Amino acid sequence: MKTLLANQSEKLNQEHIINDFSIEVATVNGSGSQSSNSVLMRSLFHMGIPVSGKNLFPSNISGLPTWFTIRLSEKGYLAYKTNKDFLVAMNPQTAIEDVKGLAKNGVCISPAELNLPAIRQDVIHYAIPFNDLVLQVTDNFKLKKLVINMIYVGVVAQILGIEEKEIENSIAQQFDGKAKAIDLNLKAVKIGLNYAQENLVKTDPYRVSRIDKTTDKIIIDGNSACALGAMFSGVSVVTWYPITPSTSVCESLIDYLKEFRLTKDNKATFAVIQAEDELAAIGMAIGAGFSGCRSMTATSGPGLSLMAEFVGFAYFTEIPVVIFDIQRVGPSTGMPTRTSQGDMLSAYYLSHGDTKHICVIPGSVEECYSLTLEAFDLAEQFQTPVFVMSDLDLGMNNWMSNTFNYPTQPLNRGKVLTAKDLEKLGQFMRYKDVDGDGIPYRTLPGTNHPGAGYFVRGSGHTEAATYTEKPQDYVNLMERLSKKINTAKEKFLPKPQIHLAKNAKHSIIGYGSSDFAIQEARDYLSQAKIDTNYLRLRSLPLGNEVKDYLTKSDTIFVIEQNRDSQMLNIIASEFPDLAHKLISIRHFDGLPIDAMGIYNQILTKCQ
Amino acid sequence: MKTLLANQSEKLNQEHIINDFSIEVATVNGSGSQSSNSVLMRSLFHMGIPVSGKNLFPSNISGLPTWFTIRLSEKGYLAYKTNKDFLVAMNPQTAIEDVKGLAKNGVCISPAELNLPAIRQDVIHYAIPFNDLVLQVTDNFKLKKLVINMIYVGVVAQILGIEEKEIENSIAQQFDGKAKAIDLNLKAVKIGLNYAQENLVKTDPYRVSRIDKTTDKIIIDGNSACALGAMFSGVSVVTWYPITPSTSVCESLIDYLKEFRLTKDNKATFAVIQAEDELAAIGMAIGAGFSGCRSMTATSGPGLSLMAEFVGFAYFTEIPVVIFDIQRVGPSTGMPTRTSQGDMLSAYYLSHGDTKHICVIPGSVEECYSLTLEAFDLAEQFQTPVFVMSDLDLGMNNWMSNTFNYPTQPLNRGKVLTAKDLEKLGQFMRYKDVDGDGIPYRTLPGTNHPGAGYFVRGSGHTEAATYTEKPQDYVNLMERLSKKINTAKEKFLPKPQIHLAKNAKHSIIGYGSSDFAIQEARDYLSQAKIDTNYLRLRSLPLGNEVKDYLTKSDTIFVIEQNRDSQMLNIIASEFPDLAHKLISIRHFDGLPIDAMGIYNQILTKCQ
Amino acid sequence: MVSTTNSVNTNKLGLTLNEYKGGASTMCDGCGHDAISSQIIKAYYDLGIEPHTVVKLSGIGCSSKTPAYFLGKAHAINAVHGRMPSVATGVNAANKQMRLIGVSGDGDSASIGLGQLCHLIRRNINMVYIVENNGVYGLTKGQFSATADLGSKLKNGVINDLPAIDICGLALELGCGFVARSFAGDPKQLSPLIKAAMSYNGLAILDIISPCVTFNNHEGSTKSYKYAKDAEIPLQELGFIPYFEQITVDYEPGTTTDVEMHDGSHLRLKKLDRNYDPFNRQSALNSILDAKEKGEFLTGLLYLDEKREDFATLMNTVDKPLSALTAEELRPSKDVLNKIMAQLK
Amino acid sequence: MVSTTNSVNTNKLGLTLNEYKGGASTMCDGCGHDAISSQIIKAYYDLGIEPHTVVKLSGIGCSSKTPAYFLGKAHAINAVHGRMPSVATGVNAANKQMRLIGVSGDGDSASIGLGQLCHLIRRNINMVYIVENNGVYGLTKGQFSATADLGSKLKNGVINDLPAIDICGLALELGCGFVARSFAGDPKQLSPLIKAAMSYNGLAILDIISPCVTFNNHEGSTKSYKYAKDAEIPLQELGFIPYFEQITVDYEPGTTTDVEMHDGSHLRLKKLDRNYDPFNRQSALNSILDAKEKGEFLTGLLYLDEKREDFATLMNTVDKPLSALTAEELRPSKDVLNKIMAQLK
Ligand SMILES: Cc1ncc(C[n+]2csc(CCOP(=O)(O)OP(=O)(O)O)c2C)c(N)n1
Ligand SMILES: Cc1ncc(C[n+]2csc(CCOP(=O)(O)OP(=O)(O)O)c2C)c(N)n1
Ligand code: SF4
Ligand code: SF4
Ligand SMILES: [Mg+2]
Ligand SMILES: [Mg+2]
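Residues numbered from 1 in each chain as written. Chains lettered and ligands numbered in written order. Predicted model: local features only at pLDDT ≥ 70, side-chain atom pairs only at ≥ 80, totals over all residues. Heavy atoms only, no water.

Asks: Quick question: what am I supposed to make of the interface of chain A and chain C here?
Replies: On the side of chain C, 22 residues touch chain A, which itself brings 21 residues to the contact. For the pair chain A and chain C, the summed buried area comes to about 1400 Å², and 55% of that belongs to carbon and sulfur atoms. Considering only the surface of chain A that becomes buried against chain C, I61(A), Y241(A) and Q274(A) emerge as the three largest contributors, covering 36% of it. At the boundary of chain A and chain C, one finds 1 salt bridge. Among the salt bridges present, the one from D277(A) reaches R83(C), with a minimum N-O distance of 3.4 Å. Sorting the residues of the side of chain A that touches chain C by element identifies helix 9 (247-260) and helix 10 (278-290) of chain A as the ones contributing at least two each. At 3 residues, the largest contribution of residues to the side of chain A that touches chain C is made by helix 9 of chain A. A per-class count over the side of chain A that touches chain C returns 9 nonpolar, 7 polar and 5 charged. (Contact = heavy atoms within 4.5 Å. Buried area = accessible area lost by both parts, 1.4 Å probe. Salt bridge = Lys/Arg side-chain N within 4 Å of Asp/Glu carboxyl O. Helix = DSSP H or I, 4+ residues; strand = E, 2+ residues; numbered from the N terminus. Nonpolar A, V, L, I, M, F, W, Y, C, P; charged D, E, K, R; others polar.)

Asks: Help me understand the environment of K65(D) in this model?
Replies: As for its placement among the helices and strands, K65(D) is situated in helix 2 (residues 62-65). Relative accessible area serves as the criterion here: at 17%, K65(D) is assigned to the buried category. Leave out the neighbours within four places in its chain, and K65(D) touches S59(B), N60(B), T26(D), M27(D) and L139(D). (Buried < 20%, exposed > 50% of the residue type's maximum accessible area, 1.4 Å probe, protein only.)

Asks: Teacher, can you tell me more about the packing of aromatic side chains here?
Replies: Ring pairs (aromatic) are described by centroid distance and by the angle formed between their planes. Residue and element names in this part refer to chain A. What the rule picks out here adds up to 39 aromatic pairs over all chains. On the basis of an interplanar angle of 35° and a centroid distance of 5.1 Å, the ring pair of Y348 and Y349 is categorised as tilted. Where Y369 meets F404, the ring centres are 4.7 Å apart and the plane angle is 15°; that geometry is what we call stacked. A residue pair is termed long-range when its members are at least 10 positions apart, and Y369 in helix 14 (residues 365-382) and F404 in the loop between strand 17 (398-402) and helix 16 (419-425) qualify at 35 residues. Ring-pair connections join several aromatic residues into one group, and the members of that group are F290, F428, Y431 and Y454. (Phe/Tyr/Trp six-rings, centres within 6.5 Å; stacked < 30°, edge-to-face > 60°.)

Asks: What exactly am I supposed to notice about the interface of chain B and chain A here?
Replies: Quite often, the size of an interface is put as the accessible area lost when its parts meet. Taken residue by residue, the interface counts 63 residues in chain B and 63 residues in chain A. Note on chain B versus chain A: buried area summed over both sides is about 5300 Å², and carbon and sulfur give 56% of it. Linking chain B with chain A are 2 salt bridges. Where E469(A) meets R338(B), a salt bridge forms, and the shortest distance between an N and an O atom there is 3.2 Å. By residue class, the composition of the side of chain B that touches chain A is 26 nonpolar, 25 polar and 12 charged.

Asks: Would you explain the pattern of salt bridges in this entry?
Replies: Side chains that differ in sign of charge can pair as their charged atoms come close. Enumeration according to the criterion identifies 87 salt bridges over all chains in this entry. Across the pair R123(D) and E276(A) runs a salt bridge, and its minimum N-O distance is 2.9 Å. Remark: E276(A) occurs in the loop between strand 11 (271-274) and helix 10 and R123(D) occurs in helix 5 (residues 114-123); the pair is interchain, linking two chains. Classification of R123(D) as buried rests on a relative accessible area of 3%. Two residues, D46(D) and K42(D), come together in a salt bridge whose shortest N-O distance is 3.0 Å. Taken together, the residues D46(D) and K42(D), both in helix 1 (residues 32-47) and 4 residues apart, mark about one turn of the helix. Taken together, the shared-partner salt bridges connect R294(A), D377(A), E380(A), R413(A) and R442(A) into one network.

Asks: So what exactly am I meant to see when it comes to the relation of the copies chain B and chain A here?
Replies: Each of the two chain copies can be brought onto the other by rotation about an axis and movement along it. Least-squares fitting of chain B to chain A yields an RMSD of 0.1 Å, with the transformation described by 0.0 Å of translation along the axis and a rotation of 180°. When the rotation and shift are considered jointly, the pair of chain copies conforms to a two-fold rotation axis. Most of the interface of chain B is mirrored in chain A: 100% of its interface residues are interface residues there too. (Least-squares fit on C-alpha atoms with pLDDT ≥ 70 in both.)

Asks: I tried to follow the site of ligand 1 on my own but got confused; where do I start?
Replies: The full set close to ligand 1 counts 23 residues, and E278(A), S63(C), D106(C), G107(C) and D108(C) are the nearest of them. Around ligand 1 the close residues trace back to chains A, B and C. G138(C) has a polar backbone atom sitting 2.8 Å from an oxygen atom of ligand 1. Between ligand 1 and the protein, one listed contact pairs an oxygen atom with a backbone N or O atom of L139(C) at 3.0 Å. Bound to the protein, ligand 1 loses 98% of the 590 Å² it would expose on its own. Residues belonging to the shell around ligand 1 are distributed by class as follows: 10 nonpolar, 9 polar and 4 charged. (Near = heavy atom within 4 Å. Polar contact = N/O pair within 3.5 Å; in protein donor to acceptor, adjacent residues only side chain to side chain. Areas by Shrake-Rupley, 256 points an atom, 1.4 Å probe, with all protein chains shown as cover.)

Below you can see the structure in the form of C-alpha cells.
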C-alpha cells in the first residue's frame, strides 16, 4: 500500500503539471480554515514556488460559503485565475456547484460522505473519510471543527508532493510558538498525510516540486503593507471606524504600533482612536494633521462618501491627512467583501465645489508600503488630503512580494515655520505663495511664539488667513490651490510605470491591482502576436508622462475594475485632445480581474 | 426752484440714456433696504421696462455691506452687468470704493454728510440730507433706519423720472394691504421726491420712460419658482435643513403649501420636516419616496456632500427622490452667499462606487418651475434620485419671466403595481426588467395585498429583491441600472435648447444661469462678426443631440461658472471621441457671470 | 370555547406561525439576535397582525440583517449604517398607517447612529425600535461599540476604558415615552414587552442585551449570556393581553398594575421585590443610575407614558396616508397658479 | 503690595486686555454671543494665559463665528457644521498641552452635531465647550433648533411642538464631569464659571442662554433676554480664585464650598436659597427635570466631578505632545523592518 501513490505518480510523469495550477478550498466561514489555507500556501512558498492566495468570503461571520484559492505559477503570475484545477470541497452547501466549476480534468478532494464522484466523470476524485480521521486527532467537539481543516492540508500535501518539513515550518510560523496548537495541528496534518499515502492512488497530473523563485520574497496582504508604510512614515494619530475591507489596515497597524512604537517605559508615541463613525474619524485626523501630527484614517466606499464634506474642508484649508480607501464593490453597501476600483471618481473629486485630490494608486503590496511612505510626505509637503487608493484584492489577499526597503529619505515634513523662523520673519502669512510653487508656509500649535497662531476656516480667506468675500481673493486662492497641486503633479507625484514593447501597435493603461492580470495578459497577447505598450498609473492628477504616452499611442485600452470606465473618464477630462484614442476594457463582477478576461476583450477589439 | 430739474433735463435731451443702464444701491444688511429696492425695481417693471435685480450680500445677518443692482434693459438683457452707472451710496463703510467702482460719467446719490463729491470729478453727484429728511417722516429711532431707504427711492424716482403712480402701486404690493406701513413708506418716498424736485439740478443723462416690454411678465426668484414647481408636482413630503442659498426653496414652499394645500378642515396634504441635518433630510425623503410620496429635499454644497452615502443607496435601491442643489461657491463653506456652478461633478457622480444621476439644469426661473415639474415625474418614472441643479444667482435673485404655464400632463407616477395588478400577476419581481427598458415595477406600502412587500437593501440583490453576492447577479443589476438611465437619456430627459446661426464658425455650450449672459454675449460677438451656434444643456447624462452638435461643430466653447471646467470634463468623459474640440471658458469669482467677460474671452480665443 | 375557526395552529387571521417567518438566518449559531427574531415573529403572530401592514427597518450590522429573517412578507428597508431613524421618519410621514419596526445594533444606534436616534426620540415617531445590544460590532468582527461597559474586556484582552452609552438612560433623558430593557435569554419577559411596544402609540425603545457568541461571550465580557443571566434583576413580571382577548381580573390589586394601551390591549405588571414605578420618569432615571453604580442589570418596563402625542399627530395631516392622495388632491388647480402669477406681476 | 511690574492695566504676563481681543465682531448689535465673547476675553486675561497656547474651535453659525472675535493670537479652527468635536479630539490627541476652547451654537451642537457632542462627552476630551444657546439657527435666519422649548414661538407665529434637547441634562446623562448653565446677560456668574471650566481637567460644558436679538428675542420666545432674566434662578453665588492668587478664607463655613481645581485654582460656591449639591450627578439630573417641569431656568454649576480621567490620560502617550516627536522617535529603525520582513518570509 505504502508505495501505491508513489509508483503511480512516476508512471504519469510525462504528463505532469508542475507548479502551475490553482487549488481551491471550499469551506464555510468561521470554520477556522484560514490557518490551514495559510499553512498550505506558505508551504508551497517555502518550496520556492511563487504563490498567491485569494480569499472569496461572504459578508457574514459564520456558516456561509467561502473559497480560498491558491495559485501556483513558476512564471510568477500572481493574478486571479478563473480556472480552478484542484478542488478541496469541504462545504456540502456548495460542493456540487464547486465540482461543476472545476476546470476540465480537474481534481477534487472531498469528504467521503458527500459522494461527489457522481457529478463529473472527467474529474479525478479523492474521497476522504474526514469525520473518521478527525477522531484520531481529538474528540473535543470544538477542536474537531478546526483541525479537520489541517487534515486536508495533509492530504493535499501528500497528493501534490509538498515537503513535510515545509508544512512543519509553516505550522510553527502560523501558530507562533504556541506549542499545544502546533502539536495538535501537526498531528492532524500527519493523519491526513498518512491516510493519503496509504489509501489513495494518485491518478492526477498535478505536482509541486522545489524551485528557487521565492528567495528573499515575503508573503503579505496589502493592508498590512499599508500599515507598515504608515508606521515607517511616523504616523502618530490614527483614527478609524471599522469597515470591510479597510479594517485590517488599522488593526494590523495597531499591532505593529504596540510592538514597535512604545517607549521603554511603555508610553505610546501614537494615539489610535476608534471613532464613532467616518465623519468623526476624518474630523479627528484633520484636527491632528492641523496640529502637526502625521495622521491618517482608513475606510471603504460608504465611509468615503461620509467623509466628503470634511475632505473638501481639508483641501480648502490646506490640512495634511492621509486617507486609505480600500475599495470594495459599490454603490451603497454593495458587496462589502468583493473587490473593485469603483471609487476613483468619487475620491478624486471628493466634496462639493471645485476640488481635486492627490491620489496614489499602489499596484502591488510592495507599493502599498512604498506609496504609503510617499503619501505621508506628499500630504505634509502639499498640505492637503492624500488618498491611497487600494482595493480589497490588494488589501486583504495574500501576495508574494520582494521584501520592503527601508526608506532612504528622511521624513519630509513640508514648510513648517519654527518659533525662530517667526522671529526672523516678523510677520507670517499663512496662505501666501512665497516660493511661487503654490505651497504656503504653516505653523503648528505648540510653537512657542506669540505670532504662531492663525485662523483656519472653510470659508473665504485671504493670504493672511482673515475672512474675505472679495471675488478676487477667492479667485487667487483657488488658482493657487490649482498651482500647488500642479507643482505636485509635475515634480513630486509617483510617476507612472511604463513598459514599451518594440513594434507595439496597441497601448494599455491600467492601474492598481489590475497590474498582475495585465502583465500576464500582455504575455498572452504577445504570444498571439499582439505586442502592447503598457503604462501603469500610480497617481492622480495625471502628469506629462501620461500625456506623452497618449500622444505617442494610436489606440489605448484603459483597463479597469468598474462599470463606468472611471479612469477613462478622468483621462478624457484631463487630456480632451487625446481622448478619442481611448478604449474601455472593464471588469466589474466583484471578482479580482484575471488575465484571460483582459486578453479576450483586447483580442476581440483588435480584430 | 421747482422747474430747475425739469429745464435742465430737457437741455440734455440729446444725450439721454434711456431704459438701458444699471442702478446700484449700496447699504448694510439688516437695514431694511430690501423693501425699498424691491419697490424701485417693481416700479420700473410696471413702467414696462425689462429689469433684473441682483442682491450681493454677505454671509452675515446685519451690519455688513450689501449691494443691490437693478439692471434696466430695453433689449431684455437680464444678466449681471459689471458696469454700474447709477449709484445710491448709503453705506459709509464702502462709499469711497463704491464711487471708485462707478462707470465713467456715472451718477452718485449719497447722504450729504459723506462728502463724496471729492472722490471722482467725472461722476455727477447728488448729495442728499437724508438724516434731516427722515425727521420729516418719523422720529421713531427704529423706523428711521427703515424709512430712510424709501427716501432714496423717491429721490431716484424723481431723478430718473419713475412714475409716481407706479411707485404707489409697488408699495401697495410690497406691503400687501398693511395700511400703516403703506402710508409711512409713501410719505417717505414723497419727501424724497419733493426734495429732489425742489433742490436738485439734473445734469446726468439717465432717464426712464414707459414702454411695453413687461406685459404678461412676472418677477420672481428661482427658489420660489422651484417651490411652485414642487407644489404643482404634488410634492407631499418635504424634508430639509436650512442652508443658504437653498433655504428659500423650502421656506417659500412652506408658505405656498400652507396657503394652497390644506383641506377644507385645515388638514395638510403634505408633511414638511425640518431635519437635524442633511443626512437625516435625505434619509427622510428616501423613506417617503419609497413609501410612494413625491418627496424632496433642498440643499447647497456642504449638504450635498453629506447626502453622498444616502444618494448612492437610493440610486442602487431605486427609490425616487428629488434633490434641489442651489449651488454656491465652494469648496467647503466657501462663500455661502456667492454663486457658482461648482457642484456639477459632485452631484452627477455623487456617492462612492459606480453611480450616475439624472440632473436637470434650469436656465431661467421659468425652467426652475417647469424642470421641477419634470424632475418629479422623472424621479418616479425612473425610480431614482433626480437633481435639480440651480444656483444662487438663479435661486435668490429677482428675474423677469413669462408667466408659468399650468402643467399639461398628468402626474407620471411610474410603474407602480396595485393590489389588483398583484392579484393578476401572481408573483412580483421588484428588480426585474420586464419591459426591456431597464425600469422595474414597484409596489408601495399600504397596498392591500399580502404579496406587496419586498426587501430593499443597499447590498447586492437579485431580481426578486433577495440577497446575493453572485458576480453575475451584480453585473446584471448594474447593467440594468445603466440601461434604465439610458432609457431616460434617450427619450425622456429635457432636451438641450439649440440656437444655430447661419455661417457660424464657432459653437458654444452653456447651461444654467449662464444663459442670459451667453445670449447677450452672442449678440456682441455677432456685432464683432463672430456668429456662434449655441447649445444650452438642460439635463445630464448627455444625449444624442449633444453628440450631434459636437460632431457638427469645429470648436466648441464650454462656458461655465467654476474653476475646474466641470461640464467640459463631463462632456469629454461621455464623448471622448469629440473631446478635442472643447475649449473652456470659465468664470468663478462668485459674482454672476456677465456678457462682457464671455465676449472678451471668446474674442481672445478666436483671434 | 367561542372560537371555532381558529385551529390551534393559526392565529386570529388564520395564519400559521410559519407565515410570520423570514429567510433562513445567517447569524452564528447561538447568536442572541436569532432569539429576538423568534420573539418578534411570535409577537406578530400572537397579535394577528398582517405582515404586509408592517414596514421593517434597519441599518447595517448583524442585528440589522435580522429583518430578513422574520416577517418575510412585510415591506422592508435595510438602510445605510446608523441612519435608519431618518428613513423611518420618512416612511411614517408618508404613511402613518403602516406599522413600523426598527431593528438596530449598538454600533448602529449608539456609535454612528446616535444623533439620528436622539432626534427620532425627540420626534416621537410611532414605531418599535429594538437595539440588539451586544457591546461590539459583530459584523466587522468584534470591536467595542459605544455601549461597551467600562472595564469590559475583548477576547484579545483589550479593555474598554470609556463609559458606556446607556440607550435607556438616554431615551429617558430625551423624553421617550416607552423605554424597556430586556435580555435575549429571557423570552418570558421579552415577549410581553415586544407586544406592548407594538401596541404603543409613539416611539417604543427596547434595549435588549443580545450576546454575540462569536466575539463577546467570554469571561470578562459584560454582555455575555452568563453575565446577563447572573446580573439580571427583572423589575416586574409582565403579561400582555391583546385588545381582542378577554381581560381577566385574576390579579391581586396592589401588587399588580394593569395598563391599557392605545389600541385597547392591556399590559399587566406584577411587582417583584422592588418597589418600582414605571410611570415616573425621574425615578426611572435614578434607578438606572443606581443600578449602574451597583453593577446591576435591571430589566423590564422602565418607563411608560401613554399621553405623549406621536409625530404623525403633530403633523396634522389628512386622515388617509399622504402616499394615498390622488393627483387631484396633490396638484392645486389652474386657478391657484393664475392667482399666484397675478401677484407676481 | 508685592507686585510692582504689573500695572493695573496688564495681567500677570504683562499683557493688556486688548491683546486678548480678536477682530471686530460682525454679530448684530446686542447679540448675546458678543457678551459671552467679552467674558471669554476677560477670563483668559484674568488667568494670564498666553493666547498662543490656546486652540479655539468652532463649527458653523453666528456663535461659531465668534472665535474670530476673541483671542486674535490664538490658533483656531472654524470647522464644518456640527463636527467641531471630532476636530477638537484630533487636536487634543496631537497636542495635549494646548488649551482647547470650543464655541458652538444650539443648532451646531444639538441638531447636526448631537452625535459628535455625545461622543465628545463620552471621551472626556480636555476642553471648554460652550454652547451659545439661542434656540434658533441665527445664521440661516431664525428657524427653530433642537433646543427650542416646547411651545415657544417664532416671530412669524410658528410654534415649536417638539420637546427641547437639554444640553446639560444630556451631558449629565452621558457622564460629563463639569456641567454648568448660565446666561449671557449674567456676567457676574458667567465669569467664574468660564474660568472654572478653563481650570478643569476634562470636558467642561457650559450651556449659555445667549439671546438672538434679531430672530428670537420677542414675546413668546423662551430664549429672550426678558424671559431669561425673569426666569433665572441662580443656584450659587460663584467666585473664582486662580492658582496664582492667594486664597482668602473669608467665608462662612457651611454656606460656602471651596473646590480646588486640577491646576490649583479654587472655585468658591456660596449657597443661595436652595440646598443644591453640585457634586451629586443624580440630584443634578433630578433638579434639571424638576426645573423643566416648573418652567424654571436654573443657572450655575450643575455638576462637578474632579476625579474623572480625561482622554489624554487614558491614551497613555509620552509626556510631550505627539506633534513634537522627532523623526527618530517616530520612525522605527531598519532593524525593526528587517525583523518584520523575516517574519513574513
Ligand atoms: C458607513 C459605514 N461604516 C462602516 C460600516 C461597517 N460596519 C458594518 S456593520 C458595523 C457595526 C455593526 O455593529 P452593531 O450595530 O453593533 O451590529 P452587530 O453586528 O453587533 O449586531 C460596521 C462598523 C458600514 N457598513 N457603513
Ligand atoms: C452642512 C451644513 N448645513 C447647513 C449649513 C447652514 N447653516 C449655517 S449656520 C446654521 C445653523 C447655526 O445655528 P446655531 O448653531 O444655533 O448658531 P447661531 O447662528 O444660532 O449662533 C446652519 C444650518 C451649513 N453651514 N452646513
Ligand atoms: S458575529 Fe456575533 S452578532 Fe454577528 S451573528 Fe455572530 S454572534 Fe451574532
Ligand atoms: S442673527 Fe441672532 S445669533 Fe446671529 S448675530 Fe444676529 S442676534 Fe446674534
Ligand atoms: Mg453590536
Ligand atoms: Mg442658535
